[in-house]
Amino acid sequence: MKYYFAPMEGITGYIYRNAHRKYFKDIDVYFTPFIVPTQHRVFSSREKNDFLPEHNQGLEVIPQILTNKWEDFVWAAGELKQYGYQEVNLNLGCPSATVVSKGKGSGFIGEPDKLDHFLEEIFAALDIKISIKTRIGKDHPDEFSHLMEIFNKYPLSELIIHPRVQKDFYRNEPNLLVFKEALISSKNPLCYNGNLSVTREYETFIRDFPSIDRVMMGRGLIVNPGLAGDFKRGDKPDKKRLKAFHDEVLSGYVEIISGDRNVLFKMKELWAYMIQIFLEGDKHAKKIRKSQNLLDYKNAVESLFEELELKWNIL
Ligand SMILES: Cc1cc2nc3c(=O)[nH]c(=O)nc-3n(C[C@H](O)[C@H](O)[C@H](O)COP(=O)(O)O)c2cc1C
């Protein structure tokens with residue numbers, strides 16, 4: 001089984017990815033949060049810093065592109081190839097209103113003819129591997145069989161399916177029935193993504209889909225950065241490793257982000273997930289949320305690691 005770290009905008013940038021790689025070795029491929037090429041033909045400095053090879057040493061990284069203009073995709077993929085990337089990923093999943101209203105992300109799968117034309121152009125123009133990360137429809141799962149006919153026309157390096165529709169956002173259960181049909185109809189290799197957050201869910205999934213050889217995890221990995229090691233070997237990280245990982249992420253952000261407030265914003269977003277592996281974390285989570293400067297924040301985190309137990313040490 002290959003384990004992919006899902007792209008997560010605002011969270012899985014290069015600081016996070018490098019810290020993760022240092023303390024948790026089980027991820028085969030990291031995907032960058034989406035890059036949005038524009039007609040100005042420049043990447044933002046945030047985007048560029050994220051994909052620069054010197055910021056991704058020793059990591060297997062696939063940059064993800066979000067656009068519905070084939071010319072912009074071709075430009076961005078061509079640039080990324082110059083930086084040494086051999087594969088890029090197209091985002092057909094982002095459900096956010098601002099993206100969808102522009103016909104991008106999961107908005108793009110609501111316009112299948114336009115998508116087909118886009119794919120025709122990019123596959124004709126590019127000499128680089130292209131994968132797709134998609135939802136199963138904009139409004140309804142019934143849309144997926146037609147989308148699959150389109151995907152099947154092109155030699156994707158893989159099709160990553162997050163079996164929800166745009167309107168689900170991240171709610172509701174992934175539609176495994178549609179995924180099962182995709183397994184039969186896809187001419188391209190498939191990767192599954194969605195709600196693989198604990199061993200029980202993973203074991204049920206691999207029992208039900210024994211032919212799948214790659215899975216992508218997002219939120220579950222932010223909650224428990226050691227999730228892939230747990231899936232592989234039942235290896236659950238201890239507090240020492242989690243703390244060292246946390247400290248590495250924090251010092252990375254302190255180095256590149258100016259101002260406590262902005263650093264704390266990033267760290268607090270992480271804690272919204274990480275707190276879930278601690279028993280009875282409410283009081284400590286509140287202290288972290290309320291911290292206004294780095295000193296308060298560090299004290300709150302120190303006392304959390306000292307005082308709280310990890311859920312799996314008790315169960
Ligand atoms: C905060 C957040 C940011 C995300 N950013 C991206 C993104 O940049 N590109 C993308 O394809 N998916 C993005 N996703 C979706 C995830 O990659 C993944 O498909 C989703 O979380 C479902 O997988 P999970 O149940 O394992 O979390 C994002 C999800 C969240 C919650």
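Each residue is numbered by its place in its chain's sequence as written, counting from 1. In keeping with the predicted nature of the model, local features appear solely for residues at pLDDT of at least 70, side-chain atom pairs appear and are counted solely at 80 or more, and the whole-chain, interface and lining totals rest on all residues. Side-chain descriptors were evaluated using all non-hydrogen atoms of the structure, hydrogens and water having been removed beforehand.

- Where an unreviewed UniProt entry is consulted, the chain appears under the name tRNA-dihydrouridine synthase, with the organism given as Lacrimispora xylanolytica.
- UniProt positions are given in the numbering used here, feature names are shortened, and annotations may be inferred rather than shown by experiment. Its UniProt record gives the chain a comment under Function (unreviewed entry), which states: "Catalyzes the synthesis of 5,6-dihydrouridine (D), a modified base found in the D-loop of most tRNAs, via the reduction of the C5-C6 double bond in target uridines."
- UniProt, in its Cofactor (unreviewed entry) section for the chain, records the words "FMN".

A word on the domain arrangement of the chain
Here is step 1: Boundaries of every domain are those given by an automatic assignment or by a domain database. Assigned domains within the chain: domain 1 (2-231) and domain 2 (239-314).
Here is step 2: Distance from the C-alpha centre of domain 1 to the C-alpha centre of domain 2: 28 Å.
Here is step 3: Contacts are residue-level and defined by heavy atoms, with any inter-residue pair within 4.5 Å sufficient. Residue-level contacts link 16 residues of domain 1 with 17 residues of domain 2.
Here is step 4: Reported buried area values correspond to the accessible surface (1.4 Å probe) lost by two parts on association, with both partners' losses combined. When domain 1 packs against domain 2, the two sides together hide about 1600 Å² of surface, and 74% of this comes from carbon and sulfur.
Here is step 5: Interface area lost by domain 1 to domain 2 is led by Ile15, Tyr23 and Val223, which between them contribute 37%.
Here is step 6: One side-chain nitrogen of Lys or Arg within 4 Å of one carboxyl oxygen of Asp or Glu is enough to make a salt bridge. We note a salt bridge from Glu248 to Lys22, for which the minimum N-O separation is 3.1 Å.
Here is step 7: Whenever two N or O atoms come within 3.5 Å, that pair is a polar contact, provided that in protein one can donate a hydrogen and the other can accept it, and provided that, for residues adjacent in sequence, both atoms are side-chain atoms. Counting every contact that joins domain 1 to domain 2 gives three residue pairs in polar contact (both at pLDDT 80 or more).
Here is step 8: Broken down by secondary-structure element, the contributors of at least two residues to the side of domain 1 that touches domain 2 are α1 (14-23) and α9 (219-223).
Here is step 9: Per-element tally for the side of domain 1 that touches domain 2: the top contributor is α1, with seven residues.
Here is step 10: All amino acids are sorted into three groups, where Ala, Val, Leu, Ile, Met, Phe, Trp, Tyr, Cys and Pro are nonpolar, Asp, Glu, Lys and Arg are charged, and the leftover types, Gly among them, are polar. For the side of domain 1 that touches domain 2, the per-class residue count stands at 11 nonpolar, three polar and two charged. By the criteria applied, helices consist of DSSP H or I runs no shorter than four residues and strands consist of E runs no shorter than two, each listed in order from the N terminus.

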